[in-house]
Amino acid sequence: CEHKETRLEQGDEQGVTALVWAARRGHAATAEWILQRLQEQGALDTEQLHLALLGAVQYGHADVCRLLLSRGGVKPAEVRDAHGHTALMVAARW
């Protein structure tokens, strides 16, 4: 059996990272664990936080949104999806 190393900051076939998957699914504890590991590795970047925030907002996971916002560096008025909508605009739909 061949062991393939998996890196948390690596995306799947579509480029979606573990953090974004956890955020979209509303798994706050998992997202927190991933955030801690990424920070320890120095691999957490703003783009990952932005994509995770958009994922959490789109699916209405307020607890994950709070977690991501508490990490700092994320400004919901500046985070935009592919259609140009900010995270705040998307959240307002809920």
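Now for a quick tour of the structure.

Calculation criteria
- Residues numbered from 1 in each chain as written.
- Predicted model: local features only at pLDDT ≥ 70, side-chain atom pairs only at ≥ 80, totals over all residues.
- Heavy atoms only, no water.
- Helix = DSSP H or I, 4+ residues; strand = E, 2+ residues; numbered from the N terminus.
- Contact = heavy atoms within 4.5 Å.
- Expected span 1.5 Å × (residues − 1).
- Buried < 20%, exposed > 50% of the residue type's maximum accessible area, 1.4 Å probe, protein only.
- Polar contact = N/O pair within 3.5 Å; in protein donor to acceptor, adjacent residues only side chain to side chain.

## Some points on the environment of Leu49
- Locating Leu49 in the fold gives a position in helix H3 (residues 46-58).
- Separated by 41 residues in the primary sequence, Leu49 and Leu8 have C-alpha atoms spaced 13 Å apart.
- Apart from residues lying up to four places away in sequence, Leu49 is in contact with Leu35, Leu44, Leu68, Gly72 and Val74.

## Focus on H3
- Look at H3: 18 Å from first C-alpha to last across 13 residues, which is about the 18 Å you get at 1.5 Å a residue.
- All of the buried residues along H3 are Gln48, Leu49, Ala52, Leu53, Leu54, Gly55, Ala56 and Val57.
- Next to the buried residues of H3 lie helix H1 (18-25), helix H2 (28-41), helix H4 (62-70) and helix H5 (87-92).
- Capping the start of H3 is the job of one residue whose side-chain oxygen sits 3.2 Å from the backbone nitrogen of Glu47: Asp45.
- Positive phi appears at Gly60, one or two residues downstream of H3, with a value of about 70°.

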